[in-house]
Amino acid sequence: MFRDQEGNVTEVPKLTLLMDSISLAPENLRTYFNMASRDGRDFCVELEKVHTTGSEPEARLTKLRVEMMAGEGPDLILEDCFTPYIRYEGSVITKETPMFKFPEAAMRNHIFLPQDNYLDQAQFMEWDKLAPAIMEAGRNEEGKILMPTMYRLPVLGVECSLLDLPEELPVTPEEMAASGNAVLEFASFPEPMEVLGYFGVPADYEKEELTFTEDEYVELWQKLLKHRQASRSSYYAPVINNGRFHENVLSGFSENVKLWGSGRQDYIVIPQRDREGKVAATITGFLAVNANTPYPEEAFRVVDALLGREAMKDRAIYVNGTTVYMDAQQEPPQVQALWDEIESVRFFSALEGEDYQQVEWLAYKQETTPEDIEKAARNAYSTMKMMLAES
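Below or above, wherever it landed, is the structure these notes cover. Since this is a predicted model, take the numbers as computed values, not measurements.

Scoring rules and cut-offs
Residues numbered from 1 in each chain as written. Predicted model: local features only at pLDDT ≥ 70, side-chain atom pairs only at ≥ 80, totals over all residues. Heavy atoms only, no water. Axes fitted to C-alpha atoms, helices over the stretch in contact; angles between N-to-C directions. Helix = DSSP H or I, 4+ residues; strand = E, 2+ residues; numbered from the N terminus. Parallel < 35°, antiparallel > 145°, perpendicular 65-115°, else oblique. Left-handed = near helix turned anticlockwise from the far one by under 90°. Contact = heavy atoms within 4.5 Å. Nonpolar A, V, L, I, M, F, W, Y, C, P; charged D, E, K, R; others polar. Phe/Tyr/Trp six-rings, centres within 6.5 Å; stacked < 30°, edge-to-face > 60°. Buried < 20%, exposed > 50% of the residue type's maximum accessible area, 1.4 Å probe, protein only. Lys NZ or Arg CZ within 6 Å of the ring centre and 35° of its normal. 1 Å grid on protein atoms, 1.4 Å probe; cavity = no way out; pocket = protein on both sides within 12 Å on 5 of 7 lines; lining within 4 Å. Points joined across faces, edges and corners; volume = space filled by probe spheres on them. Polar contact = N/O pair within 3.5 Å; in protein donor to acceptor, adjacent residues only side chain to side chain.

## A look at the packing of helix α7 (residues 214-230) against helix α13 (residues 370-389)
Here is step 1: Their axes nearest at 9 Å, the elements α7 and α13 cross at an angle of 140 degrees. When the interaxial angle is binned, α7 and α13 end up oblique. Seen from above, α7 lies across α13 with right-handed handedness. In this structure, α7 contributes Glu-214, Asp-215, Tyr-217, Val-218, Trp-221, Gln-222 and Leu-225 to the contact, and α13 contributes Pro-370, Ile-373, Glu-374, Ala-377, Arg-378, Ala-380, Tyr-381 and Met-384.
Here is step 2: Each residue belonging to the contact of α7 with α13 can be placed in one class, and the counts come to ten nonpolar, one polar and four charged.

Put into structure tokens, the structure is as follows:
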């Protein structure tokens, strides 16, 4: 209900937005709820947090999915599909349960509302300023189902004075690895937690199959282990020395370039590419509207506010990547030039979590052998196949 300054009470629709308990600054969200609802005059939004750790989550989340399939459940979903897989307690990775393990698969279950018909009503979002390749990944044959909020674009930033790079950079990871240039060879390997991006979109959710073979997966990890062990030697000295990157090298993600590049006049940003040479990005968060909400227009107004420029600048809400609003972060030209090149886009999913927790974590240990990695990779591949079959 809404109470005006004179004390008059008006009944208004009540919406529920369900979010991960690990998402930050829920109080900041209320600012944008108020923007969407005209300070509660038109509707109100109740914020519900689902716990993803402890004994509760799997049963609670299964109940949530059943409710949504049955035409019930929350009106809106705000999902962080990255953090559940990389949280730590001390030096131990803690497994958490995301609301939707496979966002692309969830898109096919008809539980989310296509939002195409509501875009003309937008007051805050500017669709033409949202990263097009990223937003397109949330669409299927029914329309715009998931609205991405954040993504990660892995890059290697290099000050040009560091090395004499060729005028025309090679495109595929294989070409970069064979270039004879230590910087390009280093850039040919995936960033941490982005290994499956090498295969492009790692799963065909319609067929419930991985898009790469077990041997291809094992071979990649054998190369990665050798690469990481070489990074401790003098081979990659132009990039990394004694386990530390040179100050004129950035190994990370596009959102870090602005800080690293401050004051640097001449540097390039080399993006991670999949095996076909396509610039690869990973979606780390999204918004969705329950297909059965009785208040679709009000729900879209919340989505609209949370995808508007002001919300997209709020790093207390969107913490795990670059926000999809291209102007919000004031990215340097080197990063802006990559936006139109992004072609290979996937949602961070339980597949990445399995890869990281079973194999990548092991690869960080100095004593790990090729035999250890092969065994872990084959186990992870088998688990990923089973997970897909159950999706």
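## Side note on the packing of aromatic side chains
Here is step 1: Per the stated rule, a full pass over the model turns up ten aromatic pairs.
Here is step 2: An angle of 85 degrees between the planes, with centres 5.2 Å apart, marks the rings of Tyr-198 and Phe-199 as edge-to-face.
Here is step 3: The class of Tyr-198 is buried, set by a relative accessible area of 11%.
Here is step 4: Each ring, one from Phe-286 and one from Phe-347, has its centre 5.9 Å from the other, and the planes form 85 degrees; the classification is edge-to-face. Taken together, the residues span a long stretch of sequence, with Phe-286 in strand β18 (residues 279-289) and Phe-347 in strand β20 (residues 342-347) at a distance of 61 residues. Side by side, Phe-286 and Phe-347 carry an identical accessibility label, which is buried.
Here is step 5: Among the aromatic side chains, those forming a connected cluster through ring pairs are Tyr-198, Phe-199, Phe-212, Tyr-217 and Tyr-381.
Here is step 6: Against the face of Phe-253 rests Arg-152, its NZ or CZ located 3.7 Å from the ring centre.

## A short note on empty space enclosed by the protein
To find leftover empty space, one rolls a probe the size of a water molecule over the atoms.
Here is step 1: Per the stated rule, a full pass over the model turns up one cavity of 30 Å³ or more.
Here is step 2: Reported here for the largest cavity is a volume of approximately 50 Å³.
Here is step 3: Tallied by class, the residues present in the lining of the largest cavity amount to six nonpolar, two polar and one charged.

## Remarks on the packing of helix α1 (residues 26-37) against helix α9 (residues 296-306)
Here is step 1: One way to put it is that α1 packs onto α9 with a least axis distance of 8 Å and a crossing angle of 125 degrees. The orientation of α1 with respect to α9, classified from their angle, is oblique. With respect to the hand of their crossing, α1 and α9 are arranged in right-handed fashion. Where α1 abuts α9, its residues Leu-29, Tyr-32, Phe-33, Ala-36 and Ser-37 lie against Arg-301, Val-302, Ala-305 and Leu-306.
Here is step 2: Residues that form the contact of α1 with α9 fall into these classes: seven nonpolar, one polar and one charged.

## Focus: the environment of Thr-284
Here is step 1: Topologically, Thr-284 is positioned in strand β18.
Here is step 2: Given the relative accessible area of 0%, Thr-284 is considered buried.
Here is step 3: Residues Thr-284 and Phe-82, 202 residues apart in the sequence, show an inter-C-alpha distance of 5.1 Å.
Here is step 4: Among all residues touching Thr-284, those that are not within four sequence positions of it are Glu-79, Asp-80, Cys-81, Phe-82, Met-150, Tyr-151, Arg-152, Asn-320 and Gly-321.
Here is step 5: From its side chain, Thr-284 meets the backbone oxygen of Asn-320 in a polar contact 2.7 Å long.

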